[in-house]
Amino acid sequence: MSQRLLPYGRQLIDDDDVAAVVETLRGDWLTQGPTVARFEGAVAEVAGARYAVAVASGTAALHLACLAAGVRAGVGGVTSDITFVASANAIRYAGGAPRLADVDPETALVRVDSMRAAANDLARAGQATRVLIPVDFSGAIADLPAVRALADELGAIVIEDAAHSLGASYEHDGRAHRAGSGSHAHMAIFSFHPVKHVTTCEGGAIVTNDEGAYRELLELRTHGITKDPARLTRNEGPWYYEQRTLGYHYRITDVQCALGLSQMRKAARFVERRRELAARYDRALAALADRIVPLRVRPGVTSSYHLYVARLVPRDREALESVAARRLALYTALREAAILPQVHYIPVHRQPDFVASGLSGGVFDGAERYYAGCLSLPLFPAMEDADVDRVVDVIATALAR
Ligand SMILES: Cc1ncc(COP(=O)(O)O)c(C=O)c1O
């Protein structure tokens, strides 16, 4: 009997999700109707933030957040070298110069001292650092209080890339703070791509507690246009609108938000199941701890496990090329067993476009060490406990060779 295919991530769509979409399709609004605002309410609530603006993708959310933060030609921004390229590209879309910062190889989270070095590098090039974009990699929140302290020193805005961390939290000053809550970041973004915690097919959102940023983001999402009488230079009638700035068509639809709202009702359950599966992986992999270890979660952080990343343990004085070759062998063995792991991420500084554009400068020892041995194992809420055991059995056999 052929074995069930286990991808690294997958959506979970139930009949109630389908029913919610169908109901919206039969209703009066397909695009900018009431469901977008209802979904935004649910996003703000899950983050514990005052405002949410839902948009076409997480990438669009990053782009608009950079624009609202004042990124433009002549200023720069710093993000992590271990992230999806979108985190760095958003700074470029807004006309700014991105710099990449190294990560701690055990957590894959950005190192704040490396962010500082990147900001110094921008300063030497005559560019102020306008944004810092820490990434909550795999669902574990970056050191936001330290990033915020650096941002305050630099006069920069913090945009938390929370694409991986819906439902996660961190302890600070004796309190728990949620991903996207704005306790330390000025804005945060989420992605609702199907592999994420909840999905709208494609989609994203920006959350913030800043009313000014919120109003600007609403306009930027739709061509820079407003109908708000308080923001018009004049009013020529009830049809009247004005384009105040150059914005974009980054709107999300009511149909997508109907799916998102239905999914959001299950977000806590989805995150809980991810945590259970991650704990099972942790326990099962403990027997192989001399060969493979889970990504370390920073103390005080409760991850929401968008990804479950394991790392090969380098042998004594083993070259990174050799670790990478062993990772490829493990990847291949898993695929042969109908298990589809993934590598998150190729360090951004290695991307040919970043190299060709002169944007790959810096020292990335941590990112290189992390990248050589990392592998994202299947993790999605519909997985069964036995699926975890199956993955770990294949790993044990492959690493025993
Ligand atoms: C860390 C991170 N930031 C941003 C994005 C962009 O999100 P989207 O695919 O919704 O545009 C992703 C998507 O995978 C991501 O992983």
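Relevant structure appears above.
What this report covers is the structure whose coordinates are included nearby. This one's a predicted model, so the numbers in the text were calculated from it and none came from an experiment.

Points about the sheet that holds strand β15 (residues 308-312)
Piece 1. Here we have three strands laid out as an open sheet, ordered β13-β15-β17, and antiparallel in their pairing. Edge positions in the sheet fall to β13 (292-294) and β17 (374-377), since each of these pairs with one other strand and no more. For this sheet, the mean angle separating the axes of adjacent strands, direction not counted, is 35°.
Piece 2. In the packing of helix α10 (residues 320-336) onto the sheet, the strands contacted are β13, β15 and β17, and the crossing angle to β17 comes to about 20°.

Considerations on the nonpolar core
Piece 1. Formed by 52 residues in total, the largest nonpolar core has its most connected members in Phe137 and Ile395.
Piece 2. At the level of elements, α9 (267-285), β15, α10, α12 (365-373), β17 and α13 (385-400) are the ones that each hand at least two residues to this core.
Piece 3. With seven residues, α13 is the single largest residue contributor to this core.
Piece 4. Those residues in contact with Phe137, other than ones at most four positions away along the chain, are Ile82, Thr107, Ala108, Leu109, His164, Leu295, Leu307, Val309, His344, Tyr345 and Tyr370.
Piece 5. Core analysis: the next-biggest nonpolar cluster, separate from the first, contains 29 residues, Ala61, Leu62, Ala65 and Ile157 among them.

Re the site of the ligand
Piece 1. Surrounding the ligand, one finds 16 residues, the nearest of these being Gly58, Thr59, Asp161, His164 and Ser191.
Piece 2. At a separation of 2.8 Å, an oxygen atom of the ligand approaches a polar backbone atom of Gly58.
Piece 3. His164 has a polar side-chain atom sitting 2.8 Å from an oxygen atom of the ligand.
Piece 4. Surface burial for the ligand is 91%, taken as the share of its 390 Å² of free accessible area covered by protein chains.
Piece 5. The element that contributes the greatest number of residues to the shell around the ligand is helix α3 (residues 58-68), accounting for three residues.
Piece 6. For the shell around the ligand, a count of residues per class yields six nonpolar, eight polar and two charged.

What to know about α12
Structurally, the α-helix is built with 3.6 residues per turn, so residues lying three or four positions apart point the same way.
Piece 1. In terms of burial, α12 is largely enclosed, as seven of its nine residues are buried.
Piece 2. Taken as a whole, α12 has its buried residues at Gly366, Ala367, Glu368, Tyr370, Tyr371, Ala372 and Gly373.
Piece 3. Along its buried surface, α12 packs onto β15, α10 and β17.

Quick notes on the pairing of β15
Piece 1. Of all five residues in β15, five are buried, a share of seventy percent or more.
Piece 2. Going residue by residue along β15, you find Tyr308, Ala310 and Leu312 tucked away on one face and Val309 and Arg311 tucked away on the opposite face as well.
Piece 3. Bridge analysis of β13 against β15 gives three bridges, and the strand direction is antiparallel. Following the sheet pairing, Ile292 is matched in β15 by Leu312.

Some thoughts on a nonpolar patch on the surface
Piece 1. Together, Ile13, Val18 and Val22 make up a nonpolar patch on the protein surface, roughly 210 Å² of accessible area in all.
Piece 2. Within the secondary structure, Ile13 sits in the loop between β1 (6-7) and α1 (15-25).
Piece 3. For Ile13, a relative accessible area of 39% gives the class partly exposed.

Side note on the packing of aromatic side chains
Piece 1. Inspection of the entire model under this criterion finds eight aromatic pairs.
Piece 2. Seen in terms of ring centroids, Phe137 and Tyr345 are 6.0 Å apart; in terms of plane orientation they differ by 70°. Their pairing is edge-to-face. In this pair, Phe137 sits in the loop between β5 (128-133) and α6 (144-154) while Tyr345 sits in the loop between β16 (339-340) and α11 (352-356), placing the two residues 208 residues apart along the sequence.
Piece 3. Taking the relative accessible area as the measure of exposure, Phe137 reaches 0% and is therefore buried.
Piece 4. Members of the aromatic cluster, connected to one another through ring pairs, are Phe84, Phe137, Tyr345 and Tyr370.
Piece 5. Over the face of the ring belonging to Tyr371 we find Arg327, whose NZ or CZ atom lies 5.1 Å from the ring centre.

Criteria and cut-off values
- Residues numbered from 1 in each chain as written.
- Predicted model: local features only at pLDDT ≥ 70, side-chain atom pairs only at ≥ 80, totals over all residues.
- Heavy atoms only, no water.
- Pairing = 2+ DSSP bridges.
- Helix = DSSP H or I, 4+ residues; strand = E, 2+ residues; numbered from the N terminus.
- Axes fitted to C-alpha atoms, helices over the stretch in contact; angles between N-to-C directions.
- Contact = heavy atoms within 4.5 Å.
- Core = buried A, V, L, I, M, F, W, Y, C linked by side-chain atoms within 4.5 Å.
- Buried < 20%, exposed > 50% of the residue type's maximum accessible area, 1.4 Å probe, protein only.
- Near = heavy atom within 4 Å.
- Polar contact = N/O pair within 3.5 Å; in protein donor to acceptor, adjacent residues only side chain to side chain.
- Areas by Shrake-Rupley, 256 points an atom, 1.4 Å probe, with all protein chains shown as cover.
- Nonpolar A, V, L, I, M, F, W, Y, C, P; charged D, E, K, R; others polar.
- Patch = residues over 30% accessible without salt bridge, like charges linked within 9 Å, V, L, I, M, F, W, Y side chains within 5 Å.
- Salt bridge = Lys/Arg side-chain N within 4 Å of Asp/Glu carboxyl O.
- Phe/Tyr/Trp six-rings, centres within 6.5 Å; stacked < 30°, edge-to-face > 60°.
- Lys NZ or Arg CZ within 6 Å of the ring centre and 35° of its normal.

As far as function goes, none of this settles anything; it's purely spatial.
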